[in-house]
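Observations on chain architecture
Each chain, written out:
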Amino acid sequence: MTRPASDLDGFRLWPGLLDRVAQEALRDAVFQRFRAAPFYIPRMPKSGLPMRVRMTNFGALGWVTDKEQGYRYQDTHPETGKPWPDMPEQVLDLWTKLSGYDAPPEACLVNYYEGDARMGLHVDSDEDAWDAPVLSISLGDTALFRIGGSLRSDPTSSVRLASGDVCMLGGAARRAYHGVDRIMTGTSRLLPKGGRINLTVRRVTVPQPAER
Ligand code: SIN
Ligand code: FE2
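First things first, this report covers the structure right here in the doc. This structure is a prediction, so every number in the text was calculated from the model and none was measured. (Residues numbered from 1 in each chain as written. Chains lettered and ligands numbered in written order. Predicted model: local features only at pLDDT ≥ 70, side-chain atom pairs only at ≥ 80, totals over all residues. Heavy atoms only, no water.)

1. Observations regarding the nonpolar core
Among the nonpolar cores identified, the biggest contains 29 residues, and Leu135, Ile137, Ile197 and Leu199 are the most heavily contacted of them. Breaking this core down by element, the ones donating at least two residues are helix 1 (20-34), helix 2 (89-98), strand 5 (107-113), strand 7 (134-140), strand 10 (166-169) and strand 12 (196-202). The greatest single-element share of this core, amounting to four residues, is contributed by helix 2. When sequence neighbours within four positions are dropped, the list of residues in contact with leucine 135 reads Trp14, Leu94, Trp95, Leu98, Val166, Cys167, Met168, Leu199, Thr200 and Val201. If you look at the next biggest cluster of nonpolar residues, it comprises 28 residues, including Val64, Tyr73, Tyr113 and Ile183. (Core = buried A, V, L, I, M, F, W, Y, C linked by side-chain atoms within 4.5 Å. Buried < 20%, exposed > 50% of the residue type's maximum accessible area, 1.4 Å probe, protein only. Helix = DSSP H or I, 4+ residues; strand = E, 2+ residues; numbered from the N terminus. Contact = heavy atoms within 4.5 Å.)

Put into structure tokens, the structure is as follows:
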């Protein structure tokens with residue numbers, strides 16, 4: 001028996017769910033939105049140290065971080081002051097098909113990994129809607145994704161996330177530590193300048209009865 005990627009229930013992986021044509025369509029939808037919402041360099045709370053990954057968001061709310069105010073969601077881009085662009089239709093469709101959640105997502109964080117960019121182990125914990133899963137869509141170069149349990153000291157396993165793969169952290173895995181060890185440069189030709197784009201789709205606020 002192969003070891004499950006996470007010791008926690010609720011981690012699911014759909015390898016190659018998006019074929020090449022679907023990847024290209026989603027890539028184009030994502031690139032069209034960069035003009036209105038350019039990538040910015042997020043900074044760690046307190047220290048102000050830059051993260052290696054560049055970020056932007058789509059949807060009503062975006063996850064941002066800076067030295068002064070730290071991790072949070074807000075409805076405007078930190079540099080342009082404008083609302084975030086809407087979420088691509090493909091992203092909303094995937095949420096409807098896969099999430100099993102009865103309210104729409106509010107945030108689509110766009111992470112761009114270039115060169116030796118990585119993301120340290122963390123738990124997504126800035127959302128009030130803890131019962132909603134986090135859906136993750138990978139485009140471009142393959143990532144070595146790491147996922148463990150609800151304690152930082154729990155054992156972890158490594159999962160390759162290739163272009164077109166979709167995974168979900170739901171149930172107990174919603175609180176699992178996870179991160180990206182590295183990007184395997186040159187494994188995909190989807191993005192013109194190489195690298196990897198990851199979209200993480202989330203419900204942030206607890207839905208009002210009328211939304212369900
Ligand atoms: C994240 O945890 O926010 C990103 C994960 C990924 O890039 O696959
Ligand atoms: Fe995360």
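2. Things to note about the layout of surface pockets
Reported here for the largest pocket is a volume of approximately 670 Å³. The wall of the largest pocket is formed by 37 residues, among which Met51, Met55, Met119, Gly120 and His122 lie closest to the centre. Among the secondary structure elements, those contributing two or more residues to the lining of the largest pocket are strand 5, strand 6 (119-122), strand 7, strand 10, strand 11 (178-184) and strand 12. One number sums up the size of the second largest pocket: a volume of about 160 Å³. As for the second largest pocket, its lining consists of Phe31, Phe34, Phe39, Arg54, Tyr112, Glu114, Leu191, Pro192, Lys193, Gly194 and Ile197. For the lining of the second largest pocket, the residue count by class is seven nonpolar, one polar and three charged. (1 Å grid on protein atoms, 1.4 Å probe; cavity = no way out; pocket = protein on both sides within 12 Å on 5 of 7 lines; lining within 4 Å. Points joined across faces, edges and corners; volume = space filled by probe spheres on them. Nonpolar A, V, L, I, M, F, W, Y, C, P; charged D, E, K, R; others polar.)

3. Topic: helix 1
In this model, helix 1 (15 residues) spans 21 Å end to end at C-alpha, consistent with the 21 Å of a helix rising 1.5 Å per residue. Buried residues along helix 1 sit in contact with strand 2 (54-58), helix 2, strand 5, strand 7 and strand 12. (Expected span 1.5 Å × (residues − 1).)

4. Considerations on the packing of aromatic side chains
Applying the stated criterion across every chain, the model contains six aromatic pairs. Centre to centre, the rings of phenylalanine 11 and phenylalanine 145 are 6.3 Å apart; their planes meet at 15°, and the pair counts as stacked. Of this pair, phenylalanine 11 sits in strand 1 (residues 11-14) while phenylalanine 145 sits in strand 8 (residues 142-147), and the two are 134 residues apart along the sequence. Residue phenylalanine 145 is classed as buried on the basis of its relative accessible area, which comes to 7%. Here the aromatic rings of phenylalanine 39 and tyrosine 112 are separated by 5.4 Å at their centres, their planes lie at 25°, and the arrangement is stacked. Of this pair, phenylalanine 39 sits in the loop between helix 1 and strand 2 while tyrosine 112 sits in strand 5, and the two are 73 residues apart along the sequence. Judged by its relative accessible area of 10%, tyrosine 112 is buried. Put simply, the rings of Phe31, Phe34, Phe39 and Tyr112 pair up and form one aromatic cluster. Lying over the aromatic face of phenylalanine 58, arginine 33 brings its terminal NZ or CZ to 6.0 Å of the ring centre. (Phe/Tyr/Trp six-rings, centres within 6.5 Å; stacked < 30°, edge-to-face > 60°. Lys NZ or Arg CZ within 6 Å of the ring centre and 35° of its normal.)

5. Brief notes about the coordination of the iron ion (ligand 2)
Listed as protein donors to the iron ion (ligand 2) are His122 (NE2), Asp124 (OD) and His178 (NE2); their distances from the metal cover 2.1 to 2.2 Å. In primary sequence terms, the donor set of the iron ion (ligand 2) follows H-x1-D-x53-H. Taken together, the residues span a long stretch of sequence, with histidine 122 in strand 6 and histidine 178 in strand 11 at a distance of 56 residues. (Donors = N, O, S within 2.8 Å, 3.2 Å for Na, K, Ca; no water.)

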